[in-house]
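The residues making up each chain are set out below.
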Amino acid sequence: MRLGFALPQFGAAAHRPEEAARFAREAERMGAASLWAGDRLLAPVHPSVGYGGSDTLPPQFRSALDPFVLLTAAAGATERALLGTSVLNAPWYPPAVLARSLTAIDRISGGRLLPGLGTGWSPEEYRATGVPMGERGRRLDECLDALEELWSDGPAEYRGELWEVPESHVDLKPVQRPRPPIYLGAFAPGALRRVARRADGWLPVAVLPGRADPAEVVAGPLAAIREEAARQGRDPSSVDAVLRINPARSVSVAEIAEAALAAEREAGVEHVFVDLMYLAEDADRMLELADRLLEKTGAR
């Protein structure tokens, strides 16, 4: 098993950004396979849509570090760990801007970027970015097309309905060729079909306690994704999955470790990362929990 961890990005940890690089360096030294950042812009006082099916938002979302800055800090502090996003809300960013940022992180890290993209769920965040939320699916599709063009050889050009890249020289490319592997966060049927058609991997989420059964959370949807990929003429085994585990404050290290091992045992997922946001408010406590999880899962 490969076990990774979310970087200290939200809540109290966001007020100590200097700790992010130390966390990344120490977590890698302990054996962490990957380090991850998310993409929260703001926490509306009166959210029209809550988080994770609830009516509210976690108070931790009131403070958030920029994911691109956070991954850049982690890239400079590490040598081996993959650097992932789970997920960047791609419709917020013009593809040329997104490609530039991702290319820089991939090059600084020596080719360790694993970009996970999605569409987000907060209407208020869409209002703040000036992007119509009803266009999010089409914007993601066009973003994927434009990224392919921007990362290809030769001059880049893309003309879509919503995004445009004039014919341009974009000579700086990612280390990973032809491009970094793109993972997508997806839950709805249409979004899962997009994974099957377009992505190198899928980013499912398990919630503890609650939605954590490996067959329901990973195995069933992943089988459907791979069946659709085969219908699209793709090698179904080429579609990977990295499971995110979101444990509540009441969940023990043993329960988290068992959920990770069950995902590997029952769903064949060999790469898992844990978000410690609700369990710890500082890098030292997060590192202590990470060390125990690496030990219990045998992932060192």
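Refer to the structure above for everything that follows.
The structure contained in this document is the topic of the report that follows. (Residues numbered from 1 in each chain as written. Predicted model: local features only at pLDDT ≥ 70, side-chain atom pairs only at ≥ 80, totals over all residues. Heavy atoms only, no water.)

What follows is about the overall build of the protein. If you tally the helices and strands in the protein, you get nine helices and 14 strands. Here the C-alpha atoms of the protein give a radius of gyration of 18 Å, agreeing with the 19 Å that 2.2 N^0.38 yields for 300 residues. Projected onto its principal axes, the C-alpha coordinates of the protein cover approximately 50 × 40 × 40 Å. For the protein, buried positions account for 53% of its 300 residues. Counted over contacts in the protein with a minimum sequence separation of 6, partners at least 24 positions apart contribute 71%. Accessible surface for the protein amounts to roughly 13,000 Å². Of this, 50% is attributable to carbon and sulfur atoms. (Helix = DSSP H or I, 4+ residues; strand = E, 2+ residues; numbered from the N terminus. Rg over C-alpha atoms; globule rule 2.2 N^0.38 Å. Buried < 20%, exposed > 50% of the residue type's maximum accessible area, 1.4 Å probe, protein only. Contact = heavy atoms within 4.5 Å. Areas by Shrake-Rupley, 256 points an atom, 1.4 Å probe, with all protein chains shown as cover.)

Turning to its location among the elements, Ser-86 is positioned in the loop between strand S3 (82-85) and strand S4 (88-89). Note on Ser-86: relative accessible area 11%, which makes it buried.

Moving on to the sheet that holds strand S9 (residues 183-184). Pairing is parallel in the open sheet, where five strands are placed in the order S4-S6-S9-S10-S12. Looking along the sheet, the strands with just one partner apiece sit at the ends: S4 and strand S12 (240-241). As defined by bridge partners, S9 adjoins strand S10 (residues 201-202) across two bridges and the pair is classed as parallel. When the bridges of S10 are listed, Leu-184 appears paired with Trp-202. (Pairing = 2+ DSSP bridges.)

Centre distance and the angle of the planes are the two values used to describe a pair of aromatic rings. Tallying each qualifying case throughout the model produces seven aromatic pairs. Residues Trp-92 and Tyr-93 carry aromatic rings whose centres are separated by 6.4 Å and whose planes lie at 55° to one another, so their mutual orientation is tilted. As far as burial versus exposure is concerned, Trp-92 and Tyr-93 are alike and both buried. Through a chain of ring-to-ring contacts, three or more aromatic side chains come together here, namely Phe-10, Tyr-51, Phe-61 and Trp-121. Against the face of Phe-61 rests Arg-40, its NZ or CZ located 5.7 Å from the ring centre. The ring of Trp-163 is capped by Arg-139, whose NZ or CZ atom sits 4.7 Å from the centre of that ring. (Phe/Tyr/Trp six-rings, centres within 6.5 Å; stacked < 30°, edge-to-face > 60°. Lys NZ or Arg CZ within 6 Å of the ring centre and 35° of its normal.)

This part is about helix H6 (residues 189-198). Residues of H6 that are buried include every one of Ala-191, Leu-192, Arg-194, Val-195 and Ala-196, and no others. As for H6, its buried residues are in contact with helix H5 (136-150), S9, S10 and helix H7 (214-231).

Between helix H1 (residues 19-30) and helix H9 (residues 283-297), the least distance of the axes is 10 Å, while the angle of their chain directions is 15°. By the angle between their directions, the pair H1 and H9 is classed as roughly parallel. The hand of the H1/H9 crossing is right-handed. Residues Glu-19, Arg-22, Phe-23, Glu-26, Ala-27 and Met-30 of H1 form the contact with H9, whose participating residues are Ala-283, Asp-284, Met-286, Leu-287, Asp-291 and Leu-294. For the contact of H1 with H9, the residue count by class is seven nonpolar, no polar and five charged. (Axes fitted to C-alpha atoms, helices over the stretch in contact; angles between N-to-C directions. Parallel < 35°, antiparallel > 145°, perpendicular 65-115°, else oblique. Left-handed = near helix turned anticlockwise from the far one by under 90°. Nonpolar A, V, L, I, M, F, W, Y, C, P; charged D, E, K, R; others polar.)

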